[in-house]
Amino acid sequence: MKQEIGIRLLGTGSCVPSQVVTNADMEGIVETSDEWIRTRTGIEQRHIADGETNLALTKTAAERAMAMAGIDPKEIGVVICATMTGETMVPSLACLLQRECGLSEHVFAFDMSAACTGFLYALHTARALLCAVPEKKYALVTGSELLSRITDFSDRNTCVLFGDGAGAAVLELDENTAYYFDGGAKGDDQVLYCPRNYTLPNPFSHADAEPKQQKVSMEGRAVYTFAVQALTGSILRTAEQAGGLPDKYICHQANARIIQTAAKQLKEPMEKFFMNIEHCGNTSAASIPIALDECVRSGGIQRGETVMLSGFGGGLAYGTAFFTF
Ligand code: ACO
């Protein structure tokens, strides 16, 4: 099998909570302003769950993707859910999705935790599994977050940025097109951090178990600098493999200024970059598949065009995939 065998996205889907929280609503809970949020980030509103679960959003996004693909859910051979805010540590969101979506029991189902790069790592892994196990025909890859579960709504440095949502894609291998990937990680628990909250006492341990609040903290400027370097560098390395830049880009929606700065460094027009940050905010692993679905459904990308999906964020991790839509 050719090393760079392509992928074909057969269907995409997304689902966001119905509740819209505007910048004006944010002004009511922390000292901020619509003007500050808009000019620093490009965000105007975000969706925040009001009872919806990560599983419910992911299920709807997955069903929409499978409906667009026109395949029987039983034909899905691999399901990977990129998330860091799943319902439970066990079972995984992917196993719950197997049940909820009526997938075959012969499915490889597991979660992937790589924060905002999660969907890219999941897509790349799903493609590798389809290559390695030819009897698996289709993969379902989702990215979903309920960031409101780990957001400190008294911290204006972070709470104005995040939103909830889910996106999904169904893919198969395509021998007639090519695929290239660049990805990596640079372990760092200083600039972007969210602890796990293990509170059960261990009677056999003498170490102090200090309960930590499970909330995201971030040094915005340091992450911004990493993000611009990671995005531009990863796109250029992928373009080198592919022999050129793509027709369209769908990048992680963390801050409109990060994408604008990367576009300038790449000398690429902003029209090639699909953006939806104004109405979704930063939804971490969900951001790329939600933007991808909106782009596909609005005709923002046509069959035969080349696309780069590019993610960066917590980890610190990054990844870029190049393929033909
Ligand atoms: N409203 C008003 N003022 C604010 C707010 C707010 N919501 N938040 C911070 N400020 C203040 C700061 O306190 C600071 O005030 P000071 O100068 O008096 O100290 C001032 O605004 C400037 O703060 P900066 O952090 O320098 O602002 P910056 O222009 O860098 O924008 C931002 C901050 C939007 C967070 C930006 O740094 C950013 O986008 N960083 C990258 C975030 C990212 O990409 N995250 C991805 C991963 S997220 C994940 O993995 C879940």
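These numbers come from a predicted model, not from an experiment. Throughout this document, residue positions are counted from 1 along each chain, in the order its sequence is written. It should be noted that, the model being predicted, local features are given only for residues of pLDDT at least 70 and side-chain atom pairs only at 80 or more, the latter also being counted only at that level, while totals for whole chains, interfaces and linings use all residues. Heavy atoms throughout the structure, all of them, feed into the side-chain values; hydrogens and water do not.

I keep staring at the overall build of the protein and nothing clicks. Help me out?
A run of DSSP states H or I qualifies as a helix once it reaches four residues; a run of E qualifies as a strand once it reaches two. Both are numbered from the N-terminal end. What the protein contains, in helices and strands, is ten helices and 13 strands. Radius of gyration: C-alpha atoms only; globule rule: 2.2 Å multiplied by the number of residues to the exponent 0.38. In summary, the protein has a C-alpha radius of gyration of 19 Å against a globular reference of 20 Å for 325 residues, a match within 12%. Accessible area is worked out with a 1.4 Å probe on protein chains only. A residue is then buried under 20% of its type maximum, exposed over 50%, and partly exposed in between. Evaluated residue by residue, the protein yields a buried proportion of 55% over its 325 residues. Considering only contacts within the protein whose residues lie at least 6 apart along the sequence, 78% involve residues at least 24 apart. Of the side chains in the protein, 27 bear a positive and 38 a negative charge, and the two mean positions are spaced by 3 Å. Between two residues, a contact is recorded if the distance between any of their heavy atoms is within 4.5 Å. Within this scheme the basic residues Lys and Arg register as positive and the acidic residues Asp and Glu register as negative, but His and the chain ends are omitted. Where a charge sits is defined by one atom per residue type, namely NZ (Lys), CZ (Arg), CG (Asp) or CD (Glu).

In this structure, what is going on with the sheet that holds strand β12 (residues 306-313)? I would like to understand it.
Pairing between the strands of a sheet is mediated by backbone hydrogen bonds and can be parallel or antiparallel. Should DSSP find at least two bridges between two strands, the strands are regarded as paired. One open sheet holds the four strands; their spatial order is β8-β13-β12-β11, and the pairing between them is mixed. Only two strands of the sheet have a single partner each, and these edge strands are β8 (180-185) and β11 (248-251). Between one strand axis and the next, the sheet turns through 10 degrees on average, direction left out of account. Bridging between β12 and strand β13 (residues 317-324) involves eight bridges; their strand directions are antiparallel. Its bridge partner being in β13, V307 is matched across the sheet by F323. In this fold helix α5 (residues 118-132) packs onto β8, β12 and β13, with an angle of close to 50 degrees to the strand it touches most, β13. Of the strands in this sheet, β8, β11, β12 and β13 touch helix α7 (residues 220-242), which is tilted by about 35 degrees from β13. Axis definition: a line fit to C-alpha positions, over the contact stretch in the case of helices; interaxial angles, taken between N-to-C directions, run 0 to 180 degrees.

How should I be thinking about the pairing of strand β6 (residues 138-146) in this particular structure?
Strand residues, when the strand is regular, have side chains that alternate between the two faces of the sheet. In terms of residue burial, β6 counts as a mostly covered element, since nine of its nine residues are buried. Side chains Y138, L140, T142, S144 and L146 project from β6 onto one buried face, and the interleaved A139, V141, G143 and E145 project onto a second face that is buried too. As paired elements, strand β4 (residues 76-82) and β6 share six bridges and run parallel to each other. Paired with I76 across the bridge in β6 is Y138. Both β6 and strand β7 (residues 164-178) contribute to a ladder of eight bridges, which runs antiparallel. In the strand pairing of β7, L146 is matched with D164.

Would you mind going over the side chain of E172 with me for this structure?
In this fold, E172 is placed in strand β7. Every case where a carboxyl oxygen of Asp or Glu lies within 4 Å of a side-chain nitrogen of Lys or Arg is listed as a salt bridge. Notably, E172 is buried but unbridged: the nearest opposite-charge side chain belongs to R8, and the N-O separation is 4.7 Å. Here E172 is in contact with G6, I7, R8, L10, L130, K137 and Y138, once residues within four sequence places are set aside.

In this structure, what is going on with the packing of α7 against helix α8 (residues 256-266)? I would like to understand it.
Helix packing for two helices is described by the angle between their axes and how far apart those axes are. Across the interface, α7 lies against α8 with an axial gap of 9 Å and an inter-helix angle of 45 degrees. The angle between α7 and α8 places the two elements in the oblique class. Seen along the crossing, α7 lies across α8 with a hand that is right-handed. Contact residues: Y224, A227, V228, L231, T232, I235 and L236 in α7; R257, I258, I259, T261, A262, Q265 and L266 in α8. All residues other than Ala, Val, Leu, Ile, Met, Phe, Trp, Tyr, Cys, Pro, Asp, Glu, Lys and Arg, Gly among them, are scored as polar; the first ten of these are nonpolar and the last four charged. A per-class count over the contact of α7 with α8 returns ten nonpolar, three polar and one charged. Working rule for angles: under 35 degrees goes down as roughly parallel, over 145 as roughly antiparallel, 65 to 115 as roughly perpendicular, anything else as oblique. In this scheme the handedness of a crossing depends on how the near helix is turned from the far one: anticlockwise by less than a right angle means left-handed, clockwise means right-handed.

Explain the sheet that holds strand β1 (residues 5-15) here, please?
On the basis of which strands lie adjacent, the open sheet formed by five strands has the order β1-β7-β6-β4-β5 and mixed pairing. The sheet is open, and its two edges are formed by β1 and β5 (108-112), each paired on a single side. Strand-to-strand twist of the sheet, defined as the mean angle between neighbouring strand axes without regard to direction, takes the value 20 degrees.

Explain the site of the ligand here, please?
Here, proximity means that at least one heavy atom of the residue falls within 4 Å of the molecule or strand. Taken together, 25 residues lie near the ligand, and T32, R40, C116, R221 and N255 sit nearest. In the analysis that follows, any N or O atom pair within 3.5 Å is treated as a polar contact, provided that within protein one partner can donate a hydrogen and the other can accept it, and provided that, for residues neighboring in sequence, both atoms belong to side chains. At a separation of 3.0 Å, a nitrogen atom of the ligand approaches a polar backbone atom of G220. N255 is positioned such that a nitrogen or oxygen atom in its side chain is 2.7 Å from an oxygen atom of the ligand. Notes on the ligand: free accessible area 1000 Å², of which the protein chains cover 79%. Going through the elements one at a time, α2 (34-41), α6 (156-159), α7 and α8 are the ones with two or more residues in the shell around the ligand. Among the elements that line the shell around the ligand, the one with the most residues is α7, at four residues. Considering only residue class, the shell around the ligand consists of twelve nonpolar, eight polar and five charged. The Shrake-Rupley method, run with a 1.4 Å probe, gives the accessible areas here. Residue values count only the displayed protein chains as cover.

Would you mind showing me how to read the packing of aromatic side chains here?
Pairs of aromatic rings are described using the distance from one ring centre to the other and the angle between the two planes. A pair of Phe, Tyr and Trp rings is counted when the ring centres sit within 6.5 Å of each other, with Trp represented by its six-membered ring. The angle between the planes then sorts it: under 30 degrees is stacked, over 60 is edge-to-face, the rest tilted. Inspection of every chain in the model, using the stated rule, returns two aromatic pairs. Ring geometry for Y249 versus F273: centroids 4.2 Å apart, planes at 5 degrees, classification stacked. Of the two residues, Y249 is situated in strand β11 and F273 in the loop between α8 and α9 (277-280); the sequence distance between them amounts to 24 residues. Owing to a relative accessible area of 0%, Y249 belongs among the buried residues under this scheme. The rule for a charge over a ring is simple: NZ of Lys or CZ of Arg within 6 Å of the ring centre, and within 35 degrees of the ring normal. The lysine or arginine in question, K136, covers the ring of F108, its NZ or CZ lying 4.3 Å from the ring centre. A cation over an aromatic ring shows up here: R303 above the ring of F325, its NZ or CZ 4.0 Å from the ring centre.

Please explain α8 as it appears in this structure.
Think of an α-helix as turning once every 3.6 residues; residues three or four places apart then point the same way. Every buried residue belonging to α8 is among A256, I258, I259, A262, A263 and L266, and all of these are buried. Projected down its long axis, α8 carries its buried residues within an arc of 160 degrees, all on one side. Measuring from the side-chain oxygen of the N-cap residue of α8 to the backbone nitrogen of R257 gives 2.8 Å; that N-cap residue is N255. K267 occupies a position one or two residues after α8 and carries a positive phi of about 60 degrees. Relevant arc is that of directions from the helix axis to the C-beta atoms, nothing else.

In short, the description is geometric, and any link to function would need to be established separately.
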